[in-house]
Amino acid sequence: MCSIIGYIGKCMAASVIVESLKKMEYRGYDSVGIATLERDRILLRKDVGKVMDVDSSLQLNNMPGQIGIGHTRWATHGGITKLNAHPHTDCTNNVVVVHNGIIDNYQQLKDTLIKQGHIFKSQTDSEVIAHLIETYLKKFDDVKKVIIETCKQLCGSYAFVAIFKSGLIAGTRLDEPLIIGMGNDGNFISSDVLGFLEYTDKAIFLDNHDIVILDHQHVNLFDFNGNSVSRPITQVAWELGDIDKGKYAHYTIKEIHQQKNSIPMAFQIDPISLQKAVDLVSSSKNIFITGSGTSYHSALLAKYLFYKSAKIRTEIIMSSEFEYMSAPIDENSVLIAISQSGETADVLNSVKIAKEHKAKILSIVNISTSSLARLSDHYVSINCGPEMGVAATKSFTAQLATLYSIINNLCVNERSVDMSINMFGNALNEILIDDSYLEKIAEDIKSVQDIYILGKSFHYPIALEGSLKIKELAYIHAEGIAAGEIKHGPLAMIELNTIVIVLNPEDETYYDTLHSIHEMKSRGAKIIGISNKNNDMYDYFIKLPLVNKILYPIIEIIPIQILSYYLALKKDANPDYPRNLAKSVTVK
Ligand code: F6R
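S.K.: Talk me through the domain arrangement of the protein; I want residue IDs and the actual numbers.
M.R.: Where interface size is given, it is often the accessible area lost as the parts come together that is meant. Partitioning the protein into structural domains gives domain 1 (3-237), domain 2 (248-432) and domain 3 (434-576). Here the C-alpha centre of domain 3 lies 24 Å away from the C-alpha centre of domain 2. A combined buried area of about 3000 Å² lies between domain 2 and domain 3, and 71% of that area is made up of carbon and sulfur atoms. Broken down residue by residue, the surface that domain 2 buries against domain 3 is led by His250, His297 and Ile431, which jointly contribute 19%. Close ionic contact of lysine 308 with glutamate 508 constitutes a salt bridge, the shortest N to O distance being 2.7 Å. At the boundary of domain 2 with domain 3, the tally comes to 16 residue pairs in polar contact (both at pLDDT 80 or more).

S.K.: Could you give an account of the pattern of salt bridges, naming the residues involved and the relevant values?
M.R.: Think of it this way: side chains of opposite charge can pair up when their charged atoms draw near. Across all of its chains, the model carries 18 salt bridges by this definition. The partner of lysine 22 in a salt bridge is glutamate 19, and the shortest N-O contact between them spans 3.4 Å. On the criterion of helical spacing, the pair formed by lysine 22 and glutamate 19 is a turn pair, its members being three residues apart in helix 1 (residues 13-23). Lysine 22 sits in the partly exposed class, given a relative accessible area of 27%. Taken together, the shared-partner salt bridges in this structure form one network comprising Glu439, Glu443, Lys446 and Lys570.

S.K.: I'd like to hear about the packing of helix 14 (residues 436-445) against helix 17 (residues 552-570), residue by residue, with values.
M.R.: To describe two helices that pack against each other, one gives the angle between their axes and the distance between the axes. Contact geometry of helix 14 with helix 17 gives a least axis separation of 8 Å together with a crossing angle of 50°. In terms of their interaxial angle, helix 14 and helix 17 are classed as oblique. Taken as a pair, helix 14 and helix 17 cross one another with a handedness that is right-handed. Seen from helix 14, the contacting residues are Leu438, Glu439, Ile441, Ala442, Glu443 and Ile445; seen from helix 17, they are Pro559, Ile562, Leu563, Tyr566, Leu567 and Lys570. Of the residues belonging to the contact of helix 14 with helix 17, the class tally is nine nonpolar, no polar and three charged.

S.K.: Hey, could you go over the sheet that holds strand 16 (residues 315-318) for me, with residue numbers and the actual values?
M.R.: The strands making up a sheet associate through hydrogen bonds between their backbones, and the pairing can be parallel or antiparallel. If you trace the five strands from one edge of the open sheet to the other, you get 16-15-17-18-19, paired in parallel fashion. Pairing within the sheet leaves two strands with one partner each, and these edge strands are strand 16 and strand 19 (378-381). The sheet shows a mean angle of 20° between the axes of neighbouring strands, direction not considered. Judged from the four bridges that link them, strand 18 (residues 360-365) and strand 19 form a sheet pairing that is parallel. Along strand 19, the bridge assignment pairs valine 365 with serine 381. Contacting strand 15 (286-291), strand 16 and strand 17 (333-339), helix 9 (residues 293-310) runs over the sheet at an angle of about 170° to strand 16.

S.K.: Outline the site of the ligand, supporting the account with residue identities and numerical values.
M.R.: Looking at the ligand, there are 15 residues lining it, with Ser295, Ser339, Ser341, Thr344 and Glu472 nearest. Serine 339 places a side-chain nitrogen or oxygen 2.6 Å from an oxygen atom of the ligand. The side chain of threonine 344 places a nitrogen or oxygen atom 2.5 Å from an oxygen atom of the ligand. Elements represented by at least two residues in the shell around the ligand include exactly helix 9 and helix 15 (460-474).

Cut-offs applied
Each chain carries its own residue numbering, running from 1 in the written order of its sequence. With the structure being a predicted model, the display of local features is reserved for residues of pLDDT at least 70 and the display and counting of side-chain atom pairs for 80 or more, all residues being used for whole-chain, interface and lining totals. To obtain the side-chain values, all non-hydrogen atoms of the structure were included, while hydrogens and water were left out. Domain boundaries shown here were taken from an automatic or database domain assignment. By buried area we mean the combined loss of accessible area, with a 1.4 Å probe, across both parts when two parts are placed together. Each reported salt bridge corresponds to a side-chain nitrogen of Lys or Arg within 4 Å of a carboxyl oxygen of Asp or Glu. In protein, a polar contact means a hydrogen-donor-capable atom and an acceptor-capable atom, both N or O and within 3.5 Å, with residues adjacent in sequence counting only if both atoms are side-chain atoms; elsewhere, any N or O pair within 3.5 Å suffices. Secondary structure is summarised from DSSP: a helix means a run of H or I of at least four residues, a strand means a run of E of at least two, and numbering begins at the N terminus for each. Relative accessibility under 20% of the residue-type maximum defines a buried residue, over 50% an exposed one, and the middle range a partly exposed one, all with a 1.4 Å probe and only protein chains included. Lines fitted to the C-alpha atoms define the axes, with helices restricted to the stretch that makes contact. Angles between their N-to-C directions range from 0 to 180 degrees. Under this scheme an angle from 65 to 115 degrees is roughly perpendicular, one under 35 degrees roughly parallel, and one over 145 degrees roughly antiparallel; angles in between are oblique. Here a crossing is called left-handed whenever its near helix is offset anticlockwise from the far helix by less than a right angle, and right-handed whenever the offset is clockwise. Any two residues whose heavy atoms approach within 4.5 Å are treated as being in contact. For this scheme, ten residues count as nonpolar: Ala, Val, Leu, Ile, Met, Phe, Trp, Tyr, Cys and Pro. Four count as charged, namely Asp, Glu, Lys and Arg, and the remainder, Gly too, count as polar. In this description, strands pair whenever DSSP reports at least two bridges between them. Throughout this document, a residue counts as near a molecule or strand when at least one of its heavy atoms sits within 4 Å of that molecule or strand.

Quick look at the structure:
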């Protein structure tokens, strides 16, 4: 698909842009072009061919100017010709534009613009953007207003970036990615982080209808009403590929739905890597597991699995508490460090301490270039692709799948279970086929102050993780409780209509959890049951498909993730960027 890159800074823009376009080559393209602004002249060179070839024939690299845009085109409207290659200019050469996407109504717009006297040089849909900008530049001297008015005319999908003779770069997007890279020697605007990852790992992922205006000093963001908006700066540390929301409104719900594929994928560990992990664990006398937040919940679940399935005792230590535990960690120990980002400061600190005590480090990470992976004796990748939503969703289930695989390989034969790609059958599809019931529950309970989640045995870590999702996405106080513990205190909190979610699939915990449900129901609680089997006690019943009992924890978190997402929407919270949180917590 098309790649866009823009640069404004201290370096010669064209040489930066040529390198960036090469980095985005994997997207596929048929022609290449670059425009730069030198004093008040817009310079333009473009042609059909590969970046390297066009660069050597047209000397793209040598174009003067510290402001520039570049594009590799993958033809949609108009053949593969030099004239159809981007960038496109208006009639006056006051503006030059690169575009990714498709302008559905370009023909009507083009007809109207031609009637007004505009002269088109290409057959592309994209060129209308340059001429629309030209029209509005005659009416308004505010670039932001010009972009807003231009976009009001466009139907379709787009990310476009324009250079204005005044020395500004502006861009906007709708259903096509556009990302800002904030570097020391200049700022970037690109359709892909790979466009600037070599220069900076600080990125702002623009939302639909965000407008960005870059000058030499500033990155200014606006919404379509012209009001300033702010977006979080994300530290990019992954080999990114798939960073678009696709058909989804938010990354979070996209990533929840991606679990249909990411869970089975996570079970497909490279056998050599898996064996190394198994060897590291089985050759160690003491096994410690650490992680933060969601990754800590994976560690807690691993404790149950290690013990129940492999009969191996482990010690779980929250990473932020690690340095305060005088654990007997030594050269006979392995520390299993779990982290999606591989950059969490508390986790890295635990690893540092463990290494000082000569323990071995096995890490379970999503980002194989991360600091954690690099510090480890061995790492296993959870292989779920980039997770853009701040709340961990698909990375949690992928961590569990990875841990299941390792633990399964430590079992003596009769206790190991089938971990083949088909073990979930149709279960993941069944859970993810329709969110409407969970959305309805979210509507019904959105105003409550507290939600309690109960689970016993290895459902307890899922109760903790579920409550973390509700807290961070919907800003509702939520608490995960081991079902048997309610009579030891939490029951005092139960009154009429208190919401209690119970994880109660039919396994050896079923009847004990049911007793706890009775105790709460008789005190007025409203029960949301998550189980394969309905019960009169449930005010709402979320049906889990039947799977091997050992797999329930992996699938029973999914409805709570979806519920949390809809609670966030009902409460007008942005699920992708929960307040006060960051994806990668690199401070202790
Ligand atoms: C919760 C969440 C955080 C992270 C925690 C650890 O949804 O995202 O609690 O799980 O900050 O992050 P990683 O796994 O990157 O070490």
